[in-house]
Amino acid sequence: MNGSDHARTGSAIAALTRVGILLFAGWTLWLFQVMYRVTQLSESRFSTAWEERLQALAFLTFPPNISLFALAATAAASATWLAGPTQTLGLAVLLRSLRWTANALVVVAALSILVELFGQPAGIDTIETVAFRLGGLVALVGLSYLCLAAGRTAPGG
């Protein structure tokens, strides 16, 4: 690889890292809004306060709401693969933060599916809701694996 190719690759890595950080920051700011909403919920006549809060938190794991997070993970994984052994500490932290966040969201998605299956009255809507939430769970597992696979190629991975 000549000097100009190396510089171009370095620029791409830096740009992807910045994009990943900005997208994850944007998603994190949205997380604060969702968390505020979760703290404002109380018990209803249909479920306990904790079930209500979990259902509101599960909003984070719905497939359409994962897109910003997925873009951040894709940018970070791509930058990591391009950087190889020259990965920066900031990129490593971003990639691991995304993976840990995805893993936490998998737990939230699984719990919301269990609440839907066992805490709600059964009906045809349950099948649709479970399938929708399961789609988010599967996507989050995929994003976690993407970050894990990319991280294994980096130093200390």
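The structure we're discussing is the one just above.
Residues numbered from 1 in each chain as written. Predicted model: local features only at pLDDT ≥ 70, side-chain atom pairs only at ≥ 80, totals over all residues. Heavy atoms only, no water.

Novice: Report on the overall build of the protein, specifying residues and quantitative values.
Specialist: Along the protein, the regular secondary structure elements total 5 helices and 0 strands. In sequence order, the protein lays out its α and β elements as α-α-α-α-α. Within the span of the protein, comprising 157 residues, buried residues form 38% of the whole. Look at the contacts in the protein between residues 6 or more apart in sequence, and 75% of them connect residues 24 or more apart. For the protein, the accessible surface area stands at approximately 8,800 Å², while carbon and sulfur atoms represent 70% of it. (Helix = DSSP H or I, 4+ residues; strand = E, 2+ residues; numbered from the N terminus. Buried < 20%, exposed > 50% of the residue type's maximum accessible area, 1.4 Å probe, protein only. Contact = heavy atoms within 4.5 Å. Areas by Shrake-Rupley, 256 points an atom, 1.4 Å probe, with all protein chains shown as cover.)

Novice: Requested: an account of the packing of helix α3 (residues 67-83) against helix α4 (residues 89-118), with residues and values cited.
Specialist: Contact geometry of α3 with α4 gives a least axis separation of 10 Å together with a crossing angle of 140 degrees. In terms of orientation, α3 lies oblique with respect to α4. For the crossing formed where α3 meets α4, the hand is left-handed. Packed against α3, whose contacting residues are Phe69, Ala72, Ala73, Ala76, Ala77, Ala79, Thr80 and Ala83, the element α4 presents Leu91, Leu94, Leu95, Leu98, Thr101 and Ala102 at the interface. Looking at side-chain class alone, the contact of α3 with α4 contains 12 nonpolar, 2 polar and no charged residues. (Axes fitted to C-alpha atoms, helices over the stretch in contact; angles between N-to-C directions. Parallel < 35°, antiparallel > 145°, perpendicular 65-115°, else oblique. Left-handed = near helix turned anticlockwise from the far one by under 90°. Nonpolar A, V, L, I, M, F, W, Y, C, P; charged D, E, K, R; others polar.)

Novice: Lay out the environment of Ser97 with the relevant residues and their values.
Specialist: By the secondary structure assignment, Ser97 is in helix α4. Judged by relative accessible area, Ser97 falls into the partly exposed class, the value being 21%. With 24 residues separating them in the primary sequence, Ser97 and Ala73 have C-alpha atoms 9.6 Å apart. Among the polar contacts listed, one links the side chain of Ser97 to the backbone oxygen of Val93, at a separation of 2.8 Å. (Polar contact = N/O pair within 3.5 Å; in protein donor to acceptor, adjacent residues only side chain to side chain.)

Novice: If you had to explain the packing of helix α2 (residues 49-57) against α4 to someone new, which residues and values would you point to?
Specialist: Running from N to C, α2 and α4 cross one another at 130 degrees; their axes reach a closest spacing of 9 Å. When the axis of α2 is compared with that of α4, the two are oblique. When the axes of α2 and α4 are compared, the crossing they make is left-handed. Seen from α2, the contacting residues are Glu51, Leu54, Gln55 and Leu57; seen from α4, they are Val108, Leu111, Ser112, Val115 and Glu116.

Novice: Describe in detail the environment of Leu111, supporting the description with residues and values.
Specialist: With respect to the helices and strands, Leu111 occurs in helix α4. Looking at Leu111, the relative accessible area reads 40%, which means it is partly exposed. Spatially, the C-alpha atoms of Leu111 and Gln55 are 9.0 Å apart, while their sequence positions differ by 56 residues.

Novice: Now, about the environment of Thr88: what can you tell me, with residues and values included?
Specialist: Positionally, Thr88 belongs in the loop between α3 and α4. The class of Thr88 is partly exposed, set by a relative accessible area of 46%. In this structure the C-alpha to C-alpha distance between Thr88 and Ala154, which are 66 residues apart in sequence, comes to 9.5 Å.

Novice: If you had to explain the nonpolar core to someone new, which residues and values would you point to?
Specialist: Phe24, Phe69, Leu91 and Leu98 are the most contacted members of the largest nonpolar core, which has 35 residues in total. At the level of secondary structure, the elements contributing two or more residues to this core comprise α1 (3-39), α2, α3, α4 and α5 (124-152). Of the residues forming this core, the biggest block, 11 residues, is contributed by α4. (Core = buried A, V, L, I, M, F, W, Y, C linked by side-chain atoms within 4.5 Å.)

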